[in-house]
Amino acid sequence: MIAVTPSAAERIRLAERLDGVAPLLLVADLDELRRLIAVPPGPAPTPSARPPGADDDALLIDSARSTARSRGREIGLTRLEHDLLACLTTEPIRVWSYAELHRSVWRDEGRERRADVQSLVKRLRRKLHELGTGVAIDAVRGVGFRLTDHQQPKVSGSG
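Residues numbered from 1 in each chain as written. Predicted model: local features only at pLDDT ≥ 70, side-chain atom pairs only at ≥ 80, totals over all residues. Heavy atoms only, no water.

K.L.:
Help me understand the nonpolar core in this model?
P.N.:
Most often, soluble globular proteins keep nonpolar side chains buried together rather than apart. Among the nonpolar cores identified, the biggest contains 23 residues, and L84, L85, L101 and I137 are the most heavily contacted of them. Taken together, the elements giving at least two residues each to this core come down to β3 (59–62), α3 (79–90), α4 (98–106), α5 (114–131), β7 (135–140) and β8 (144–149). Among the elements that take part in this core, α5 stands out by supplying six residues, more than any other. If sequence neighbours within four positions are ignored, L101 has contacts with L84, C87, L88, W96, W106, V117 and F145. (Core = buried A, V, L, I, M, F, W, Y, C linked by side-chain atoms within 4.5 Å. Buried < 20%, exposed > 50% of the residue type's maximum accessible area, 1.4 Å probe, protein only. Helix = DSSP H or I, 4+ residues; strand = E, 2+ residues; numbered from the N terminus. Contact = heavy atoms within 4.5 Å.)

K.L.:
Could you clarify how one ought to interpret the packing of α4 against α5 in this entry?
P.N.:
To describe two helices that pack against each other, one gives the angle between their axes and the distance between the axes. For the pair α4 and α5, the least separation of the axes is 9 Å and the interaxial angle reads 75°. Relative to α5, the element α4 lies roughly perpendicular. Contacts between α4 and α5 pair Y98, L101, H102, V105 and W106 from the former with R114, D116, V117, Q118 and L120 from the latter. Within the contact of α4 with α5, the residues separate by chemical class into six nonpolar, two polar and two charged. (Axes fitted to C-alpha atoms, helices over the stretch in contact; angles between N-to-C directions. Parallel < 35°, antiparallel > 145°, perpendicular 65-115°, else oblique. Nonpolar A, V, L, I, M, F, W, Y, C, P; charged D, E, K, R; others polar.)

K.L.:
For this particular structure, what's the right way to read the pairing of strand β4 (residues 67–70)?
P.N.:
Walk down a regular strand and you will see the side chains alternate between the two sheet faces. The sheet contact formed by β3 and β4 spans three bridges and is antiparallel. Paired with D62 across the two strands is T67, which belongs to β4. Counting the residues between successive antiparallel strands, the hairpin from β3 to β4 contains four residues, one of them, S66, with a positive phi of roughly 55°. The pairing of β4 with strand β5 (residues 73–76) spans four bridges and is classified as antiparallel. In the strand pairing of β5, S70 is matched with R73. Hairpin geometry of β4 and β5 is characterised by an intervening segment of two residues between the two adjacent antiparallel strands and by a positive phi of about 55° at R71. (Pairing = 2+ DSSP bridges.)

K.L.:
Is there a simple way to explain the pattern of salt bridges in this structure?
P.N.:
Close approach of charged atoms lets side chains of opposite charge pair. Applying the stated criterion to the full structure yields ten salt bridges. With a closest N to O distance of 2.6 Å, E10 and R13 form a salt bridge. With E10 and R13 both in helix α1 (residues 8–17) and three residues apart, this pair spans about one turn of that helix. Judged by relative accessible area, which is 30%, R13 ranks as partly exposed. Here R94 ties to E100 by a salt bridge, and the two come within 2.3 Å at their closest N and O atoms. (Salt bridge = Lys/Arg side-chain N within 4 Å of Asp/Glu carboxyl O.)

K.L.:
Please clarify how the side chain of H102 should be interpreted in this entry.
P.N.:
Mapping H102 onto the fold places it in helix α4. Polar contacts involving the side chain of H102 include one to the side chain of D116, which spans 3.1 Å. (Polar contact = N/O pair within 3.5 Å; in protein donor to acceptor, adjacent residues only side chain to side chain.)

K.L.:
What is the right way to read unusual backbone geometry from this model?
P.N.:
Negative phi values dominate among residues other than glycine, just as trans dominates among peptide bonds. For S66, which is not glycine, the phi torsion reads 55° and is therefore positive. Position of S66 relative to the elements: it lies in the loop between β3 and β4. For R71, which is not glycine, the phi dihedral falls at a positive 55°. Looking at the element boundaries, R71 is found in the loop between β4 and β5.

The values reported here are purely geometric and, on their own, carry no functional implication.
This is the structure in structure tokens:
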């Protein structure tokens, strides 16, 4: 999992919350991430020379551009879609209640509008399906939603 945030406090919070969930790379900005993952100059890799663990199925969220990318494809996200996906990726195996999602996405305290959340989830599911990723938003009856990985790609978030 990759997280990009300029805030040191936020990086610490993410490290504490995601400890043991998945391998985690925390960086301050996209330039730092690019330096860390830059491929050194050399001969072009052949398909058989692909490093173990390289995964084209990863779901990458670009907060600066409000897009999601997987398998070389990219989709644009509305602010609400981006905020919902970002919220779900902070703790991918956690079940998020309708109230928690509404508070995180719409920033409304004390409101729990299930129809708003359900409608947004439906649109975001359609976009994730268009990307062809194995990542899905599953409903937990009477509770809310969680992000699941049906094909085991890594879920990565940036900023």
